[in-house]
Structure formats: C-alpha cells, structure tokens
Amino acid sequence: MTVLSLQNGIIYGPVNSKRLGRSLGINLLPTTKKVCSFDCIYCHYGKTTAKTLFPEPNELPTIEQIKIAIEQALKSPIKIDALTFSGNGEPMIHPDFSEIVKIATELKNRYRPQIPLTLLSNSSYLVKAIDIDTLSLINNRIFKLDCADQDSFRIINNPVDDFSITAIIDSLAKLAMALPIIIQTVFIDGTIKNYQGEIFDKWLEAIIKIRPQKIQIYSTDRPVANQQVRMVEDEQLFELAKIISKITEIPTTAYPAQKKR
C-alpha cells in the first residue's frame, strides 16, 4: 500500500478534514523530505527521513516566503473553514515559528477574521519551550498524545533521541493550566494496541493529569508505511469515546473513518 505524497508547497489544500472542515494547510517544512521529531508507525506520509527537533534552517521556507504564500491564499476566493499549521512533519520545530504565528494571525484577521487558526502538533517541542504568548494567538491548539508509557511511546511514536513521554505529559499539563488545549489521539490495532489494557489505562491517567478542554480520537484510515498497523473500527471508537468521557469527565469526540480499507 502506497503512503501519501509529501505536500509540495507552503500552502496546500483545502483538505477535507473530519475535524476542521475545509482546512487550508500551512507547511513550514521541506517539500522533498519528511522532517519531524517523531517517526510514528501510523503516519500516512511514511517514515521520517530527518528525525530532529532542530532542522537545517537553509532547508526551510523563509518568513517572507511563508508570509507571501499565506497572504495570497487568504486573498483568493477559495472557501475554507480553518487555517492550519500541519504539513510534512512537526510545525513547531521551525525556528521562526513564533514570528510566523504572529504573521499568520495578522493576515487572517485582515482577510478572513472568521476563520480559526489551528495548530496540529505532536507535543514534542513543548518540552523545550512553552511560549504562552505565541500559543494564545492560535484558536485551536491540538496536541498529540497516543500513549503514556515510555515503551509504547518508543514503538508508536519513535521519538528523536531519548525523549521522555513523562516530560511531554508534564508539559501538556502545565500548558493546559494556562490555555485551553485539545488532545488528539490515534488509536491503532495490530501488533500493538493502545486502546485497551494497561497501555490504555496509563493513557487515561495522563489525560486526567493534563485536564485538556476536549479530547479527539480517531484511527488511521489512510495508507501507512508499517503494514502491521491496523485501523480501529468505528464502532469501537464510539464506544471508547463514551468510556473516556465517563472516566475523565472531559468531552470526547470520536471521528469515524472517511473510508474503509
């Protein structure tokens, strides 16, 4: 099964998102290779070519290039429901992320003030720095947490270096005390299952500690590089959402597959 191609520009889409509607993506990373701090086994862009928290600046789009691309897209007649930092890896690892968020906010407010600015992040950069001023400019702050124990973290997310899942959880909890955040979780089946047993119980404990405003759960309904990863069926996702909401008392939404495999 072939994975999806990388985004070939700074602006891509709009993508028909299950959660965001018609989402116009902002890719702050290279177009020729996947640069990320994780190498998740379910990623629909395949394996991470450059696993790092500190990408080579000369391989990244500049502030001016990003500004021009966002402004042109927002001035166009294209219909969108969200403007989203996502793309070919973890957006927060761009060294000018803070300045880029400010620029995107100014442009959005000028041309499309009704459109929310969204961040899809794997949460890793929060261990290095939590910039409340920058993150407060973003309307939807969506952070990944797929598991809460180190062994599962290494298998599912395969982080750079010796990243600690405990440090990520602590950072998310600290951030959630300052700003409303949303936790997104990809539940997977196959050789490793993170939706049942001890792995799931530890994840629940982490969620209770973090206290996000909302939880979004879904599974992988697109091609992935690791063929041992299987999709959790929609019925199971809806049942999980009920269980999570009851135990944590945090609103949890399950997003079903866009298509069956």
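Definitions and limits used
Residues numbered from 1 in each chain as written. Predicted model: local features only at pLDDT ≥ 70, side-chain atom pairs only at ≥ 80, totals over all residues. Heavy atoms only, no water. Helix = DSSP H or I, 4+ residues; strand = E, 2+ residues; numbered from the N terminus. Buried < 20%, exposed > 50% of the residue type's maximum accessible area, 1.4 Å probe, protein only. Contact = heavy atoms within 4.5 Å. Areas by Shrake-Rupley, 256 points an atom, 1.4 Å probe, with all protein chains shown as cover. Lys, Arg positive; Asp, Glu negative; His and termini not counted. Charge placed at Lys NZ, Arg CZ, Asp CG, Glu CD. Salt bridge = Lys/Arg side-chain N within 4 Å of Asp/Glu carboxyl O. Axes fitted to C-alpha atoms, helices over the stretch in contact; angles between N-to-C directions. Parallel < 35°, antiparallel > 145°, perpendicular 65-115°, else oblique. Left-handed = near helix turned anticlockwise from the far one by under 90°. Nonpolar A, V, L, I, M, F, W, Y, C, P; charged D, E, K, R; others polar. Phe/Tyr/Trp six-rings, centres within 6.5 Å; stacked < 30°, edge-to-face > 60°. Expected span 1.5 Å × (residues − 1). Polar contact = N/O pair within 3.5 Å; in protein donor to acceptor, adjacent residues only side chain to side chain.

1. What about the overall build of the protein?
Part 1: Counting secondary structure elements, the protein contains seven helices and 12 strands.
Part 2: In the protein, which comprises 261 residues, the proportion classed as buried is 54%.
Part 3: For the protein, restricting intrachain contacts to residue pairs at least 6 apart in sequence, the fraction spanning at least 24 positions comes to 73%.
Part 4: Looking at the protein as shown, the accessible area adds up to about 11800 Å², and 49% of this sits on carbon and sulfur atoms.
Part 5: Distance from the positive charge centre (31 side chains) to the negative charge centre (28 side chains) of the protein: 5 Å.

2. Looking at the pattern of salt bridges
Part 1: Taken as a whole and assessed by the stated rule, the structure comprises 10 salt bridges.
Part 2: The partner of D81 in a salt bridge is K79, and the shortest N-O contact between them spans 3.5 Å.
Part 3: Using a relative accessible area of 53% as the deciding quantity, one classes K79 as exposed.
Part 4: Residue D189 pairs with K193 through a salt bridge whose shortest N-O separation is 3.6 Å.
Part 5: Residue class for D189 comes out buried when judged on its relative accessible area of 14%.

3. What about the packing of helix α6 (residues 197-210) against helix α7 (residues 234-248)?
Part 1: Relative to each other, α6 and α7 sit at 45°, their axes nearing to 10 Å. Relative to α7, the element α6 lies oblique. In this structure, α6 meets α7 at a crossing whose hand is right-handed. Here F200, W203, L204, I207 and I208 of α6 come into contact with α7, specifically with L240, I243, I244, I247 and T248.
Part 2: Taken together, the residues that form the contact of α6 with α7 break down as nine nonpolar, one polar and no charged.

4. Some thoughts on the packing of aromatic side chains
Part 1: Under the defined criterion, the tally for this structure stands at five aromatic pairs.
Part 2: Summarising the aromatic geometry, the rings of F38 and F153 are spaced 5.5 Å apart at their centres and angled 80° between planes, so their arrangement reads as edge-to-face. In this pair, F38 sits in the loop between β3 (35-36) and β4 (50-51) while F153 sits in helix α4 (residues 150-156), placing the two residues 115 residues apart along the sequence.
Part 3: Members of the aromatic cluster, each reached through a chain of ring pairs, are F187, F200 and W203.

5. What about the environment of A178?
Part 1: For A178, the position within the fold is in helix α5 (residues 165-178).
Part 2: Take A178: its relative accessible area is 47%, and that puts it in the partly exposed class.
Part 3: For the pair A178 and D161, spaced 17 residues apart in the sequence, the C-alpha separation amounts to 28 Å.

6. A word on α5
Part 1: The terminal C-alpha atoms of α5, which comprises 14 residues, lie 20 Å apart, in line with the 20 Å expected from a rise of 1.5 Å per residue.
Part 2: What α5 keeps buried is the set I165, I168, I169, S171, L172, A173, L175 and A176.
Part 3: For α5, the secondary structure elements touched by its buried residues are α3 (132-135), β7 (140-144), α4, β8 (182-186) and α6.
Part 4: At the N-terminal boundary of α5, the capping side chain belongs to S164, with an oxygen 3.2 Å from the backbone nitrogen of T166.

Interpretation note: all reported values are geometric properties and have no functional meaning in isolation.
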